[in-house]
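Below are the chains, spelled out letter by letter.
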Amino acid sequence: MLASIGWPVLDRIHLFGDFSISPHGIGIAVGFLFGAWILQHEGPKRGVSVEHINTMVFWALIGTIIGARLFFVIGHFSEFDGVADMLALWNGGLTLLGGIAGAILINIPLFRRYHYSFFQVMDGAVIGLAFGIAFGRIGDLIIGDHLGKPTSWLLAFQYEGGNLSGFACAEGSCRATLEGGQVLTITHQAAQLTSPTGRLLAEGVGVHQTALYDMFFATCLFLALYAMSRAPRRLGVLTLVFGAVYGATRVLEDFLRVDKRVFGLTGSQWTGLTVSIVCIVTLIAWAVGARSSPDHDDRTTTRDAGATDRTAP
């Protein structure tokens, strides 16, 4: 064993009687609030009023819930027994990328109503979004969610007690049936991934903790976006950098997980790959266009947006 990390997980916080809350939900809620707070500070720098931001944040919350569940249901449609089962959010089953998409799509009519361009709002939003993702992952770590394949590398996560999210745990051992009937078993000493017939597919001292990786990359992305926002830049650059980097991050992370795949990739990978490619191609096109037309300046920078860019897209 080279090294490992681990901690006792906590799936529920019991307050009184049978009433309890999930640290996962707390992490998401606090991360969302922090992201909204950052947008309230970054938005006005780009000419977006706090009053309008508050309205958009409210609808973003609704869109996040709808999108996160809808995208999960679409990707795991065969696993549900009916509409009632699909609507049972309390049973778990949300996707972050779907939540982001839902929050954006539900607000596009408001962008137009308030006469803001898409990037005028989103350049401030993605800074808060990156921070919110990073903070929200704390809840995933507390409950032991988003565990990946067995590994023995430096940050292998070892089980040290508690009820792992999505696992049946008893007597120091947790077991979960994953996509395709594969079985992941985690104990205090090791982790094994076996086929439906019991054939050993992978083993290690622990498993990849992909929520930890996502928190690290989202934190780095937040710091990079914040640093970039301190200097005048063309509207849209921050949004496209976020999409390019975070989309690529999700593609890489999902290779470490056992999940439903279509043509070799998970739904999150296809979404992340598409977004990342579109953003990278757009950034390259902008850079080439700027070089070929150095005297043509019809672009609004981040610092200038508050005074000049209030036109609809």
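Parameters and conventions
Residues numbered from 1 in each chain as written. Predicted model: local features only at pLDDT ≥ 70, side-chain atom pairs only at ≥ 80, totals over all residues. Heavy atoms only, no water. pLDDT = per-residue confidence, 0-100. Helix = DSSP H or I, 4+ residues; strand = E, 2+ residues; numbered from the N terminus. Contact = heavy atoms within 4.5 Å. Buried < 20%, exposed > 50% of the residue type's maximum accessible area, 1.4 Å probe, protein only. Pairing = 2+ DSSP bridges. Phe/Tyr/Trp six-rings, centres within 6.5 Å; stacked < 30°, edge-to-face > 60°. Lys NZ or Arg CZ within 6 Å of the ring centre and 35° of its normal.

### With respect to the confidence of the model for the protein
Do not read the predicted coordinates in detail wherever pLDDT is low.
Consideration 1: In this model, the protein carries an average pLDDT of 88, and 91% of its residues clear a pLDDT of 70 or more.
Consideration 2: Ranking the elements of the protein by mean pLDDT puts helix α9 (residues 305–308) last with 46 and helix α6 (residues 210–229) first with 97.
Consideration 3: Every residue in residues 304–313 scores below 50 in pLDDT, and together they form 27 contacts with partners more than four places removed in sequence or on other chains.

### Description of the pairing of strand β7 (residues 173–177)
Consideration 1: Of the two faces of β7, only the one carrying C174 and A176 is buried; S173, R175 and T177 on the other face are not.
Consideration 2: Of the pairings in the sheet, the one linking strand β6 (residues 168–170) to β7 comprises three bridges and is antiparallel in character. Bridge assignment links A168 to a residue of β7, and that residue is R175.
Consideration 3: Following β6, the chain reverses through two residues before pairing antiparallel with β7; E171 in that reversal takes a positive phi of roughly 55°.
Consideration 4: What sits between the antiparallel neighbours β7 and strand β8 (residues 183–187) is a turn of five residues, in which G180 has the positive phi angle 75°.

### Digging into the packing of aromatic side chains
Consideration 1: Applying the stated criterion across every chain yields a total of 14 aromatic pairs.
Consideration 2: Relative to F217, the ring of F216 has its centre 5.4 Å away and its plane inclined at 70°; by these criteria the two rings are edge-to-face.
Consideration 3: Within the aromatic cluster, the residues linked to one another by ring pairs are F34, F131, F135, F222 and Y226.
Consideration 4: The ring of Y226 has R230 lying over it, and the distance from NZ or CZ to the ring centre is 4.3 Å.
Consideration 5: Here R234 stacks its cationic end above the ring of W286, 3.8 Å away from the centre of that ring.

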